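Each chain is listed here by its residues.
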Amino acid sequence: MDHAAIDSAEWDNVLQFVTDNADDANNNNANNQIPTPPLSLDGSPVLDDVDPSDQATLVSVSTTFYPGAQHHSAPPDAILLSSDAVFFYVHSQFLLQMSSNAFCNLLPAQTAKQHDPIVDVQENSAVLNIILHTIYDMSCAHYSPTFSQLMTAVSRLSHYGVDQKSTITTNSPLYTLLLSHAPLYPLELYTLAANYDLQDLAVATSSHLLSFPLCSLTDEMAQAMGPIYLKRLFFLHFGRSDALKRVLLSPPHPHPPTPNCDFSDQKKLTRAWALASAYLAWDARPDLSTSTMESALRPLEEHLGCDDCREALQNRIKTLVVQWSLVKPTI
């Protein structure tokens, strides 16, 4: 299909016509527009001497491990860069002292004096933050790390040459932070402690496993826990169940016979105690509370017409509560 040729003069006339009309339209619209509100950044201070290209650069630096942090007498001489691009300013010599493998061979024996070496670390900032707080023996609780992040950090300590058993002690901030999750994650925390032979943490956590049904343990759970701490957990449950049966065995001590209540009458209390204690011993839950125990035995008093029998029952229940409370609730 052929098109009629248009010379340059005709094109100039057309473009001039379009340009003139566009300018007129812009002028008319400008007079009719509502003024645009200023940008929110207009109220913020602007640095005139900053290159506009630099303003687009965003650098994330740890709020704890930053260049001016006073965690050591010397200034930081190394920079760790997490996998999500957060910079951590640390002291290489301090990390080398705490690590048995030069922080996974990421830190040189002698740091260069000319500049701070930047070391790429494969951990994300949340996990690396926990690891560094542990090495510096500082609490990271104010960051509210999740239990999953804490577990990952504990498992990764050995990767950087930090021994979990000597680091996570009862006086360490990480121990306290881990233990605070015991009510919600008792089995996971107990397994974590078992993996690294953190006996103090396992003992403190085991009391939260008294209500855990051992029949629900899977092969994977048992393997992760290991034979030693698995045996201790079973012995804790079985030991408390046996102890409950022992403390329930003795009935209330009989009182001297009276005209209104002889030994034959007191046998009623003995039989009632045997039935009530058998009810408790049948279930024999390791986490049986003293309030549940009292609520099962106190009603026996309502069927007693002898004041001495009532007193004997009350004394026996008090003794029972004390004996049960003294049974060890941990591994």
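(A) Geometry of a nonpolar patch on the surface. A grouping of Val59, Val61 and Tyr66 is seen on the molecular surface, where their side chains present a nonpolar patch of about 240 Å² in accessible area. Following the sequence through the fold, Val59 ends up in the loop between helix H2 (52-55) and strand S1 (60-61).

(B) The arrangement of the side chain of His255 in detail. Position of His255 among the secondary structure elements: in the loop between helix H12 (227-249) and helix H13 (263-283). Setting aside anything within four residues of it in sequence, one finds His255 in contact with Cys261, Phe263, Gln266, Cys306, Asp308 and Cys309.

(C) Inspection of unusual backbone geometry at higher detail. Here Ala102, not a glycine, exhibits a phi torsion of approximately 55°, which is positive. Checked against the element boundaries, Ala102 lands in helix H4 (residues 102-105). On the basis of relative accessible area, Ala102 is assigned to the partly exposed category, the value being 23%. A positive phi angle, near 60°, is found at Cys104, a position not held by glycine. Structurally, Cys104 is set in helix H4. Under the relative-accessibility criterion, Cys104 is labelled partly exposed at 24%.

(D) Summary view of the pairing of strand S2 (residues 78-81). Side-chain alternation along S2 places Ala78 and Leu80 on one buried face and Ile79 and Leu81 on a second face that is also buried. Where S2 lies against strand S3 (residues 86-90), four bridges are found, and the strand directions are antiparallel. Bridge assignment links Ile79 to a residue of S3, and that residue is Tyr89. In this structure, the hairpin formed by S2 and S3 is closed by a connection of four residues, where Ala85 is found at a positive phi of approximately 65°. Both S2 and strand S4 (residues 118-120) contribute to a ladder of three bridges, which runs parallel.

(E) Quick peek at the packing of H12 against H13. In contact at an axis separation of 10 Å, H12 and H13 are set at 175° when each is read in the N-to-C sense. Taken together, the axes of H12 and H13 lie roughly antiparallel to each other. The residues of H13 that touch H12, namely those facing Leu244, Lys245, Leu248 and Leu249, are Trp273, Ser277, Leu280 and Ala281. Split by residue class, the contact of H12 with H13 holds six nonpolar, one polar and one charged.

(F) Here's a closer look at the nonpolar core. Leu80, Val90, Leu95, Leu178 and Met225 are the most contacted members of the largest nonpolar core, which has 53 residues in total. With 24 residues, the next largest nonpolar core counts Leu269, Ala284, Cys309 and Trp324 among its residues.

(G) Seen up close, the pattern of salt bridges. Under the definition given, this model contains five salt bridges. For Asp287, the salt bridge goes to Arg285, with nearest N and O atoms at 3.0 Å.

Rules used throughout
- In this convention, every chain numbers its residues from 1, walking through the sequence in written order.
- Per-residue local features are limited, in this predicted model, to residues with pLDDT of at least 70; the limit for side-chain atom pairs, both in listing and counting, is 80 or more; totals at the level of whole chains, interfaces and linings are taken over all residues.
- Side-chain calculation: all heavy atoms of the structure are included, whereas hydrogens and water are not.
- Residues enter patches when they are more than 30% accessible in relative terms and free of salt bridges; like-charged ones are connected within 9 Å and nonpolar ones (Val, Leu, Ile, Met, Phe, Trp, Tyr) within 5 Å.
- Note that accessible areas follow from Shrake-Rupley with a 1.4 Å probe, and for residues the cover is restricted to the protein chains shown.
- Salt bridge, as applied in this entry: a Lys or Arg side-chain nitrogen positioned within 4 Å of an Asp or Glu carboxyl oxygen.
- By the criteria applied, helices consist of DSSP H or I runs no shorter than four residues and strands consist of E runs no shorter than two, each listed in order from the N terminus.
- For this analysis, residues touch if any pair of their heavy atoms sits within 4.5 Å.
- Relative accessible area decides the class of each residue, using a 1.4 Å probe on protein chains only: under 20% of the type maximum gives buried, over 50% gives exposed, and in between gives partly exposed.
- One bridge is not enough; two strands pair if DSSP finds at least two bridges between them.
- Every angle, taken between N-to-C directions, lies between 0 and 180 degrees, and every axis is a line fitted to C-alpha atoms, over only the stretch in contact when it is a helix.
- For classification purposes, an angle smaller than 35 degrees is called roughly parallel, one larger than 145 roughly antiparallel, one from 65 to 115 roughly perpendicular, and anything else oblique.
- Only Asp, Glu, Lys and Arg are considered charged in this grouping, and only Ala, Val, Leu, Ile, Met, Phe, Trp, Tyr, Cys and Pro are considered nonpolar; every other residue, Gly among them, is considered polar.
- Working definition of a nonpolar core: buried Ala, Val, Leu, Ile, Met, Phe, Trp, Tyr and Cys residues. They are joined through side-chain atoms within 4.5 Å.

Function-wise, these values are silent; they only describe arrangement.
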